[in-house]
Structures are given as structure tokens and as C-alpha cells.
Amino acid sequence: MTDPYRIERERMVKTQLKKRGIRNSRVLEAFKRVPRHHFIPKKLADQAYADGPLAIGESQTISQPYMVAIMTQSAEIVPGNRVLEIGSGSGYQCAILAELGAEVYTIERIPALCEQARKTLRRLNYQDIHSRAGNGTLGWEEEAPFDAILITAGAPEIPKPLLDQLAIGGRLVVPLEEDYSQVLYIVRRSKEGFHRERGERCTFVPLIGKHGWKKDPRA
Ligand code: SAH
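Being a predicted model, the structure only gives us computed values, none of them experimental.

Here the focus is the overall build of the protein. Per the secondary structure count, the protein includes six helices and nine strands. In terms of its C-alpha atoms, the protein occupies a principal-axis envelope of roughly 50 × 35 × 35 Å. Within the protein, the fraction of its 219 residues that count as buried is 51%. Look at the contacts in the protein between residues 6 or more apart in sequence, and 54% of them connect residues 24 or more apart. Carbon and sulfur atoms form 50% of the exposed surface of the protein, whose accessible area is close to 10,800 Å².

This is the structure we're talking about:
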């Protein structure tokens, strides 16, 4: 199949990801393969490989490619990992995780977006992705533990159920509210407990639910 956006996608990988320090070659290859233009509204297709988030409806966004890359690289995915993503949105992050050989579980709060993401992923033939609509701050207990958990929405604090569902040796990546903005944190679980590492500043739409914001702080 010819892909009109292949060149733009390669340029995105080079200028937005490599240049800013994404070094993991498997992650870079995954970004070269996933057609981001299929994950956004048709009328925005020409902006698909631009350096920023884009509106996907329901007041939500597909994240900036660089943010998806830094989260993915930080999660240190290896083939066969069981990975939980909170906030499916467009499904793009799921596709990147699937390209890395992960078995992906993803939860989306807004049913219409969950359905849309499911359709896109099915159309592009992604397998090993299990999705459901619901409150992701509770995690997916029946399928725990997970080798990696990616929370792709900004949280006031790390939802306790998600820490409980992280495997020993697992990595959890989450944007946390700090001084009225957000900072990405990488949490590692060892036998001794949890270790937090502070990453870079970021901007995500809010994580809403029992262990997140009680209501949309933007409203
Ligand atoms: N990862 C997505 C972008 C996520 S935007 C992508 O690749 O496109 C954040 C998403 O988190 C939004 O779709 C929002 O509806 C969802 N969200 C917010 N709170 C949630 C919760 N408690 N559980 C599940 N999803 C949630």
C-alpha cells in the first residue's frame, strides 16, 4: 500500500524525536511504522505529523508525538510485556506499544472515543489490544500485574490501584500536577518498594475519576 505521508513521518522521527534525544531504535522504528494520520479527524490529516497535540473530539487530544515517544521510551517495553494504558484517546499510543510487541490493555473514560479507537486499530489490523470503556483510575484488576503502565492524562496524584497493579520490576509513567503545571514521573517497583524519578514538564488533558480529578478542572 502506498502511503502519502511516509516522507513526512520520517521527517517527524528525525526532527522531533531523534534530535530531542529519543535514542531507542525500536521506539524510533515503531514511530516510522504507525500511520498517525489515521488516528485523527480526516480534516486535520495534513497536520498529522506536526509537532503538537491535535483535537480528536469530546474535548480530548492525541498527544504530541514527542510526548508519546518519551513515555514509550521511559516505559522500557520489550516484546511480550503486558502493558496497561489509561486514556486510549485516539488509540495511537496503543498502536506504538503494539508495534513494540506488547500485549496492550487500554481503558478510555469516554465510550465514543473508546469505540472510535477500537475501529481505527481494527482497521489497521492491530491485534493483541484489549480495550474497554470505563474509569481507568481503578486499573484492570483481573489482568494485573502489568510490566508497564502508561497514564496518558494528567493526574493530581498516582492512583493507588495502579501502583498495586504494577509488577515487581515494572515501570509506571504518569504526568503529575506540580505548581499549576505538569511533570512526567517514572516510577519503578522493586521488591523493596517504589522509586520515583522526575522527568520533564508536559501538558496533558486531565485524568478524571475516583482516583484522579473528581471533575474536569478545565470546566
Ligand atoms: N493516549 C491517547 C491520548 C490521550 S488523551 C492517544 O494516543 O491518542 C487522554 C485521554 O484520557 C482522553 O481521551 C480522556 O478521555 C481519557 N481519560 C481521562 N480520564 C480517564 C480515566 N479516569 N480513565 C480512562 N480514560 C480517561
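On to the sheet that holds strand E7 (residues 166-178). Read from one edge of the open sheet, seven strands run E5-E4-E3-E6-E7-E8-E9, paired in mixed fashion. Every interior strand has two partners, whereas the edge strands, strand E5 (129-133) and strand E9 (193-202), have only one. Pairs of neighbouring strands in the sheet enclose a mean axial angle of 15°, with direction left out of account. In terms of strand pairing, E7 meets strand E8 (residues 181-190) through eight bridges, oriented antiparallel.

Relative to the elements of secondary structure, Gln-16 occurs in helix H1 (residues 6-18). Residue class for Gln-16 comes out buried when judged on its relative accessible area of 7%. Along the backbone, Gln-16 and Asn-135 are 119 residues apart, and their C-alpha atoms lie at a distance of 32 Å. Leaving out residues up to four positions away in the same chain, Gln-16 has contacts with Arg-11, Tyr-49, Ala-50, Asp-51, Pro-65 and Tyr-66. A polar contact of 2.8 Å, which involves the side chain of Gln-16, links it to the backbone oxygen of Tyr-49.

What follows covers helix H3 (residues 65-74). H3 sits mainly inside the fold: nine of its ten residues count as buried. Considered for burial, the residues of H3 that qualify are Pro-65, Tyr-66, Met-67, Val-68, Ala-69, Ile-70, Met-71, Thr-72 and Ser-74. In the stretch just after H3, Glu-76 is the one whose phi turns positive, near 45°.

Let us look at the state of the cysteines. Under the criterion given, the structure shown has zero disulfides. The thiol of Cys-114 is unpaired, and the distance to the nearest cysteine sulfur, on Cys-94, comes to 9.3 Å.

Within the secondary structure layout, Arg-171 lies in strand E7. An unpaired buried charge is present at Arg-171: no salt bridge exists, and Glu-76, the closest side chain of opposite charge, is 4.4 Å distant. Looking at Arg-171, its side chain comes within polar contact range of the main-chain oxygen of Ala-75, at 2.8 Å. In this structure the side chain of Arg-171 is engaged in a polar contact, spanning 2.9 Å, whose partner is the side chain of Asn-81.

Conventions and cut-offs
Residues numbered from 1 in each chain as written. Predicted model: local features only at pLDDT ≥ 70, side-chain atom pairs only at ≥ 80, totals over all residues. Heavy atoms only, no water. Helix = DSSP H or I, 4+ residues; strand = E, 2+ residues; numbered from the N terminus. Buried < 20%, exposed > 50% of the residue type's maximum accessible area, 1.4 Å probe, protein only. Contact = heavy atoms within 4.5 Å. Areas by Shrake-Rupley, 256 points an atom, 1.4 Å probe, with all protein chains shown as cover. Pairing = 2+ DSSP bridges. Axes fitted to C-alpha atoms, helices over the stretch in contact; angles between N-to-C directions. Polar contact = N/O pair within 3.5 Å; in protein donor to acceptor, adjacent residues only side chain to side chain. Disulfide = S-S within 2.5 Å. Lys, Arg positive; Asp, Glu negative; His and termini not counted. Salt bridge = Lys/Arg side-chain N within 4 Å of Asp/Glu carboxyl O.

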